[in-house]
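One letter stands for each residue in the lines below.
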Amino acid sequence: MLGMPDDIWVPIKLTIELATISTLSLLVVATPLAWWLARSKAWFKEAAATVISLPMVLPPTVLGFYLLIALGPDGPGGAIASLWGARTLAFTFSGLVIGSIISSMPFVVQPIRNAFAAVGDRPLEVASTLRASPTRAFWTVALPLASPGLLTGAVLGFAHTVGEFGVILMIGGNIPGRTRVMSTAIFDFVETMRWREANLLAGGMVAFAFAVILAMILLEKRFTRAGA
Amino acid sequence: MKLTALATAFVAFLTSLAAPADADVTHVAVAANFTEPAKEIAALFKQKTGHEAVLIFGASGAFYTQITHSAPFEVFLSADSERPKMAVDNGFAVPDSRFTYAIGKLVLWSRVVDVTNGEAALKAGNFQKLSIANPVAAPYGTAAVETMKALGVYDALQPKIVQGNSIAQAFQFVDTRNAELGFVALSQLHAVTEGTRWEVPANLFSPIRQDAVLLRTGANSEASKAFLAFLKGPEAQAIIEQFGYALP
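Computed from a predicted structure; not experimentally measured.

1. Regarding the overall build of chain A
Looking only at helices and strands, chain A features 11 helices and zero strands. In terms of principal-axis extent, the alpha carbons of chain A reach across some 65 × 45 × 30 Å. Counting only residues that meet the buried cut, chain A has 38% of its 228 residues in that class. A separation of at least 24 residues holds for 70% of the contacts in chain A among residues at least 6 apart in sequence.

Below, the structure written as structure tokens:
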């Protein structure tokens, strides 16, 4: 970008990449999960929902600590990394994606689950009397009806990943272009007293957060009006 | 009404937190790498003088920022000499109170590969990740980079470097074996027997002078001055050496 030094621009680009990939993966994982949570009658359903919600309450240091061990040579991450000859998933972009998916999961699952629950049984029953298979009913009836929830989940997931700091600080290793994202770059700039750069990035974050929340409110308004 | 009472209680609580410290208590901001010796020194200090040193541990860079924003510390034990000097120059510390309390030793440490001959291990480069502290913010990180440059291996190793935000994190990356090896402070290995280590010869990097300074807030505090005097004394020096620092 014009006149922006690399150490500002590279973290911005990386943050957008990380948030995009994490959000897409989250939608793929969270949608079936939310569907199951909304429809299942399994007795352990709420326990599973609780596990998914844990990152909302736990400090990022708890996640960061467990992830550092889980991604490392003694954990499952190390086993996966050994497939391509690496020793650990820490300090890698994939490691950050895994961390972001876990820590942003509740923010995506919750709104989608609520949207599926709001759809209720009736439209699906109607679909089945019209001989739609359950899969088809899911894709053509439930999913479109729940799309405001999916959108909310995607926006929240994206925003939460952009705002992720503690987990990334603990598992990232601060590698420029690979694991140094906006939030950790700001921290670095403040630590090294480069306040002009810190200000630039931090101001951008504030503007971004404002835009996200405002967009959410406006979208919600539109959907409620359209639904009413 | 209830809310007003609650608010009043809250304000009273805040005021009690902000109340000036007792004459015989000093608040010392201590660089993370000096945590263990500082605890021992503070304990001995209390036993010998009756004064209490409340220790706050953290990164020197963050401490400096906090000090410029009126943090309630009276003494600052930095991991470098730069920040205490800046504190004096910018009027946050008492002029002439600055002195070197310890000189840090740098160690290459690994729990995976053999680094007994560190120079050869670095030149061979048979590893994927090398952990160092952030060289811009942490003096041990700067020293690590200087060492690799002096050995002529920096360019080759650069893609393998991962940075901890502090020397504590650089240590933790090696300890969890996420990085095969890393440059840490000798003081961090005080109680560690695992792995192999190579003490980096002092001629490969500029000395890591750790300076202490009396902050403006402590200019009239007896306990703070006593703590700094104690830090210079033989009892404290014995502890400092025992934890793997050189004395000035």
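2. A short note on the overall build of chain B
The helix and strand inventory of chain B stands at 10 helices and 10 strands. Based on the C-alpha atoms only, the size of chain B along its principal axes is roughly 70 × 50 × 35 Å. When contacts within chain B are restricted to residue pairs at least 6 apart in sequence, long-range pairs at least 24 apart make up 78% of them.

3. Topic: the domain arrangement of chain B
Interfaces are often sized by the amount of accessible area the parts lose when they come together. Residue and element names in this part refer to chain B. The domains assigned to chain B are domain 1 (2–103 + 209–242) and domain 2 (106–199). Contacts between the two partners involve eight residues from domain 1, matched on the other side by 11 residues from domain 2. Looking at side-chain class alone, the side of domain 1 that touches domain 2 contains four nonpolar, two polar and two charged residues.

4. Examining the sheet that holds strand 8 (residues 181–185) of chain B
Residue and element names in this part refer to chain B. Taken together, five strands build an open sheet; the order of strands is 7-6-8-5-9 and the sheet is mixed. Where the open sheet ends on each side, the last strands, each with one partner, are strand 7 (161–164) and strand 9 (196–199). On average, each strand axis in the sheet is inclined to that of its neighbour by 30°, with strand direction left out of account. Taken together, the four bridges between strand 6 (residues 130–133) and strand 7 define a ladder with parallel strand orientation. The residue of strand 7 that forms the bridge with Ile 132 is Gln 163. Across the sheet, helix 8 (residues 167–175) lies against strand 5 (106–110), strand 6, strand 7 and strand 8, angled at about 145° from strand 8, the strand it touches most.

5. Thoughts on the interface of chain B and chain A
Chain B puts 16 residues into the contact, and the matching count from chain A is 18 residues. Among the secondary structure elements, those contributing two or more residues to the side of chain B that touches chain A are helix 3 (60–68) and strand 7 of chain B. Counting residues per element, the side of chain B that touches chain A draws most heavily on helix 3 of chain B, which supplies three residues.

6. Some details on unusual backbone geometry
As a rule of thumb, non-glycine residues mostly have phi less than zero, and peptide bonds are mostly trans rather than cis. With a phi close to 65°, Phe 91 of chain A is a non-glycine residue in the positive phi region. Positionally, Phe 91 of chain A belongs in the loop between helix 4 (76–81) and helix 5 (93–119). Look at Phe 91 of chain A and you get buried, because 26 C-beta atoms sit within 10 Å. Positive phi outside glycine occurs at Asp 96 of chain B, with the angle close to 70°. Checked against the element boundaries, Asp 96 of chain B lands in the loop between helix 4 (82–89) and strand 4 (99–104).

7. Some points on the sheet that holds strand 2 (residues 52–58) of chain B
All names here are of chain B. Taken together, five strands build an open sheet; the order of strands is 2-1-3-10-4 and the sheet is mixed. Each edge of the sheet is formed by a strand with only one pairing partner; in this case those strands are strand 2 and strand 4. Taken over all neighbouring pairs, the strand axes of this sheet differ in orientation by 20° on average, direction set aside. The strands touched by helix 4 are strand 3 (75–77) and strand 10 (208–214); relative to strand 10, the strand with the most contacts, the crossing angle is about 30°.

8. Description of the environment of Ala 117 of chain A
Along the chain, the position of Ala 117 of chain A falls in helix 5. Along the primary structure Ala 117 of chain A and Ala 38 of chain A are separated by 79 residues, whereas in three dimensions their C-alpha atoms are 5.3 Å apart.

9. Overview of helix 8 of chain B
Residue and element names in this part refer to chain B. With respect to burial, helix 8 is a largely interior element, seven of its nine residues being buried. For helix 8, every residue scored as buried is listed here: Ile 167, Gln 169, Ala 170, Phe 171, Gln 172, Phe 173 and Val 174. Elements that come into contact with the buried residues of helix 8 comprise strand 5, strand 6, helix 6 (139–150), strand 7 and strand 8.

10. Focus: the nonpolar core
All names here are of chain B. Val 75, Phe 76, Leu 77, Tyr 140 and Leu 215 are the most contacted members of the largest nonpolar core, which has 117 residues in total. A domain split of this core shows at least three residues from each of domain 1 (2–103 + 209–242) and domain 2 (106–199). When neighbours within four sequence positions are excluded, Leu 77 is seen to be in contact with Val 28, Ala 29, Val 30, Ala 31, Phe 34, Ala 38, Tyr 101 and Ala 212.

11. As for helix 6 (residues 122–129) of chain A
The buried fraction of helix 6 of chain A is low, at zero of eight residues. Directly after helix 6 of chain A, the chain includes Arg 131 of chain A, whose backbone phi takes a positive value near 70°.

12. Considerations on the packing of helix 6 of chain A against helix 7 (residues 134–145) of chain A
Residue and element names in this part refer to chain A. Relative to each other, helix 6 and helix 7 sit at 155°, their axes nearing to 10 Å. Between helix 6 and helix 7, the angle falls in the class roughly antiparallel. Note that helix 6 runs across helix 7; the crossing there is right-handed. Taking contact as the criterion, the partners of Pro 123, Leu 124, Ala 127 and Ser 128 in helix 6 are, on helix 7, Ala 137, Val 141, Ala 142 and Leu 145.

13. With respect to the pairing of strand 6 of chain B
All names here are of chain B. Residues Leu 130 and Ile 132 point to one face of strand 6 and Ser 131 and Ala 133 to the other, with burial holding for every one of them. Bridge analysis of strand 6 against strand 8 gives two bridges, and the strand direction is parallel. Among the inter-strand pairings, Ser 131 is bridged to a residue of strand 8, identified as Gly 182.

14. Section: the packing of helix 3 of chain B against helix 4 of chain B
All names here are of chain B. Following both chains from N to C, one finds helix 3 and helix 4 inclined at 10°, their axes separated by 10 Å at the closest point. Our classification of the angle between helix 3 and helix 4 gives roughly parallel. Every residue of helix 4 that contacts helix 3 at Ser 60, Tyr 64 and Ile 67 is listed here: Arg 83, Met 86 and Ala 87. Classifying every residue of the contact of helix 3 with helix 4 gives four nonpolar, one polar and one charged.

15. Brief notes about the confidence of the model for chain A
With 96% of its residues at a pLDDT of at least 70, chain A reaches an overall mean of 90. Helix 5 of chain A holds the highest mean pLDDT among the elements of chain A, 95, whereas helix 11 (residues 195–227) of chain A holds the lowest, 85.

Each value, and the rule that gives it
Residues numbered from 1 in each chain as written. Chains lettered and ligands numbered in written order. Predicted model: local features only at pLDDT ≥ 70, side-chain atom pairs only at ≥ 80, totals over all residues. Helix = DSSP H or I, 4+ residues; strand = E, 2+ residues; numbered from the N terminus. Buried ≥ 20, exposed ≤ 12 C-beta atoms within 10 Å, placed from the backbone. Contact = placed C-beta atoms within 7 Å. Domains from an automatic or database assignment. Nonpolar A, V, L, I, M, F, W, Y, C, P; charged D, E, K, R; others polar. Pairing = 2+ DSSP bridges. Axes fitted to C-alpha atoms, helices over the stretch in contact; angles between N-to-C directions. Core = buried A, V, L, I, M, F, W, Y, C linked by C-beta atoms within 7 Å. Parallel < 35°, antiparallel > 145°, perpendicular 65-115°, else oblique. Left-handed = near helix turned anticlockwise from the far one by under 90°. pLDDT = per-residue confidence, 0-100.

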